[in-house]
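If you want the building blocks of each chain, they are given just below.
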Protein chains: 2
Amino acid sequence: MNHHVQPVIGTASSRIYETLRRDLVGGQFVAGEKLAINALKERYHVGLSPLREALNKLAAYGLLVQENQRGFRVPKLSRSELDDIANMRLELEGMAFERAIQHGDDVWEAELLAAAHRLKRADTTLDKGEEWESLHSQFHRTLVAPCGSVWLLRFIEQLHDQFDRYRRLGPKMPTVRQTLDEQHHELVALALKRDSKAARALMDDHIQKSYQLALKRYQEHA
Amino acid sequence: MNHHVQPVIGTASSRIYETLRRDLVGGQFVAGEKLAINALKERYHVGLSPLREALNKLAAYGLLVQENQRGFRVPKLSRSELDDIANMRLELEGMAFERAIQHGDDVWEAELLAAAHRLKRADTTLDKGEEWESLHSQFHRTLVAPCGSVWLLRFIEQLHDQFDRYRRLGPKMPTVRQTLDEQHHELVALALKRDSKAARALMDDHIQKSYQLALKRYQEHA
DNA sequence: TTATATAAAATAATCGATTTTTTAACCAAC
DNA sequence: GTTGGTTAAAAAATCGATTATTTTATATAA
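A quick note: this is a predicted structure, and the numbers were derived from the prediction, not measured.

## Thoughts on the relation of the copies chain B and chain A
Inference 1: Superposition of chain B onto chain A requires a rotation of 180° combined with a translation of 0.0 Å along the rotation axis, giving an RMSD of 0.0 Å. Viewed as a symmetry operation, the transformation between the two copies matches a two-fold axis.
Inference 2: Looking at chain B, 100% of its interface residues are interface residues in chain A too, so the copies touch through the same face.

## Quick notes on the protein's contact with DNA strand D
Inference 1: Around DNA strand D, 19 residues are found, and the nearest of them are A:Ala12, A:Gly47, A:Ser49, B:Arg52 and B:Gln69.
Inference 2: Those atoms of DNA strand D that come within 4 Å of the protein belong to sugar or phosphate at a rate of 78%.
Inference 3: At 2.8 Å, a side-chain N or O of B:Arg52 approaches a phosphate oxygen of DNA strand D.
Inference 4: A distance of 3.0 Å is found between a phosphate oxygen of DNA strand D and a backbone nitrogen or oxygen belonging to B:Gln69.

## A few points about the UniProt feature "domain: HTH gntR-type" (unreviewed entry) in chain A
Inference 1: Sites flagged by UniProt as "domain: HTH gntR-type" (unreviewed entry) map to residues 10–77 of chain A.
Inference 2: With 51% helix and 6% strand, the stretch residues 10–77 of chain A has end C-alpha atoms that lie 32 Å from each other.

## Regarding the domain arrangement of chain A
All names here are of chain A.
Inference 1: Considered domain by domain, chain A is made up of domain 1 (12–73) and domain 2 (79–220).
Inference 2: Here domain 1 and domain 2 have C-alpha centroids that lie 26 Å from each other.
Inference 3: The interface of domain 1 with domain 2 comprises nine residues on the first partner and eight residues on the second.
Inference 4: The junction of domain 1 with domain 2 conceals about 790 Å² of combined surface from both sides, 44% of it contributed by carbon and sulfur atoms.
Inference 5: Where domain 1 packs against domain 2, one counts one salt bridge.
Inference 6: Two residues, Asp161 and Arg21, come together in a salt bridge whose shortest N-O distance is 3.0 Å.

## Quick notes on the packing of aromatic side chains
Inference 1: Overall, the coordinates contain five aromatic pairs over all chains when judged by the stated rule.
Inference 2: When the ring of A:Phe155 is compared with that of B:Phe155, the centres are 4.1 Å apart and the planes differ by 20°; the resulting orientation is stacked. Of this pair, A:Phe155 sits in helix H7 (residues 150–167) while B:Phe155 sits in helix H7 (residues 150–167), placing the two residues on different chains.
Inference 3: Pairing B:Trp151 with B:Phe155 gives two aromatic rings, centres 5.9 Å apart and planes at 45°, and the pair type is tilted. Here B:Trp151 pairs with B:Phe155, and both are found in helix H7, just four residues apart, close to one helical turn. The same class applies to B:Trp151 as to B:Phe155, namely buried.
Inference 4: One aromatic cluster is present, built from ring pairs that chain together A:Trp151, A:Phe155, B:Trp151 and B:Phe155.
Inference 5: B:Lys57 extends its terminal NZ or CZ atom over the ring of B:Tyr17, reaching a point 5.3 Å from the ring centre.
Inference 6: Sitting above the plane of the B:Phe163 ring, B:Arg89 keeps its charged end 4.7 Å from the centroid.

## Quick word on the packing of helix H4 (residues 79–103) of chain A against helix H6 (residues 130–144) of chain A
Residues and elements named next belong to chain A.
Inference 1: Relative to each other, H4 and H6 sit at 60°, their axes nearing to 7 Å. Compared by their axis directions, H4 and H6 come out oblique. Residues Arg89, Glu93, Ala96, Phe97 and Ala100 of H4 lie in contact with H6, whose contacting residues are His140, Leu143 and Val144.
Inference 2: When grouped by side-chain class, the residues that make up the contact of H4 with H6 number five nonpolar, one polar and two charged.

Calculation rules
- Residues numbered from 1 in each chain as written.
- Chains lettered and ligands numbered in written order.
- Predicted model: local features only at pLDDT ≥ 70, side-chain atom pairs only at ≥ 80, totals over all residues.
- Heavy atoms only, no water.
- Least-squares fit on C-alpha atoms with pLDDT ≥ 70 in both.
- Contact = heavy atoms within 4.5 Å.
- Near = heavy atom within 4 Å.
- Polar contact = N/O pair within 3.5 Å; in protein donor to acceptor, adjacent residues only side chain to side chain.
- UniProt positions renumbered as here; feature names shortened; annotations may be inferred.
- Helix = DSSP H or I, 4+ residues; strand = E, 2+ residues; numbered from the N terminus.
- Domains from an automatic or database assignment.
- Buried area = accessible area lost by both parts, 1.4 Å probe.
- Salt bridge = Lys/Arg side-chain N within 4 Å of Asp/Glu carboxyl O.
- Phe/Tyr/Trp six-rings, centres within 6.5 Å; stacked < 30°, edge-to-face > 60°.
- Buried < 20%, exposed > 50% of the residue type's maximum accessible area, 1.4 Å probe, protein only.
- Lys NZ or Arg CZ within 6 Å of the ring centre and 35° of its normal.
- Axes fitted to C-alpha atoms, helices over the stretch in contact; angles between N-to-C directions.
- Parallel < 35°, antiparallel > 145°, perpendicular 65-115°, else oblique.
- Nonpolar A, V, L, I, M, F, W, Y, C, P; charged D, E, K, R; others polar.

Shown next, in the form of structure tokens:
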């Protein structure tokens, strides 16, 4: 029997930040909702100071809105913002993918194949939980990783989190994702062929289709 | 005599955030420096809690780097990051300016002229202090304001703050800014003519020249 | 009713002190 | 002289309680 408590990595602040980020992106809060700080304290078993620091970071990141003297709320969702986010993804991820294909080396190629493989394994198990989401994010990160711009990567990451607030509305629908999942492998194939023209076209299509799905989710959402 | 203290707007946290942002962008801290929180507390006459909340926000915004358990430091400067920031400005501000020219209405035209005029007045007084910086930021914000994308505007704002960390290194050199200042009016002229092709070209040139200046500052910086 | 004022409750923001972790200083062993 | 280990000091993170502000409830007058 092991009586050693494993040392719990990071600060309370950084842990609650990551947890809240995950839950905000994953739709655990309703859009527009005012966050009751005391309730969060209990729900996540965390002190007030680290919690407030995390909320402040999330507000600066864009996953919360902060109003002076009246705390934090979950940002509203809107059609126009979804359009904005999707358009920016088209521009920025397209740009980044082209550049990644220019600069990516053989290590990147290996990582791409690995990331795609791990994602496919998760696709077929069909449960599509937080595990799948994580692999999916990682896959898209890998696609653009060697684009050469840390700021571009940063913005893309932020847009993904925002986009996923829409995509992950409502229940899982595995059948609709079929095409999207297939495109992941085609993206890898075109990247390996260094066909940046076709690669970008497919990336555009991929984002468009994701957008259609997110839009449907948003409209059905009530 | 007026004994009423005027009510000091905003929370302590939001005020120290703005102050620190200004000072970080304005070069009041040396790049790479570790921030001594207690020293900041005294320097800015602010309590620990609001100060830490502001530092957390600034870290999420990219004007500080946070290392678990070892506080905050001012990000290092590097040639490659300056190049990255300038390139991203070229892409994003160019895009935004073109869109602004498509969508901007007559109210925008008036605001453009006003912003350019205020900036010119500040140009000629030649003292180029924090006042000029503020008007300069406002002018560039106005140029792209009606681009239709809040995320694009957000990213551009962030890049400007990052860029200015380089541009504002070292002492003021009014003569070098001559060309830049003249371009401001030409940008307005082309915007009013709705000549988005020429406007973008000039914007590109403007950013390039700013980049040359910032690069020189960075290289001379020691 | 509708509006406005006031009091009570709830919540946000901040403070001061404590706990935890890192950094620095020191010393011994190799 | 360097390495490794121990202790002291400094700094970061967190806690518990206080203060300030907003919100809700209640009362009163137009």
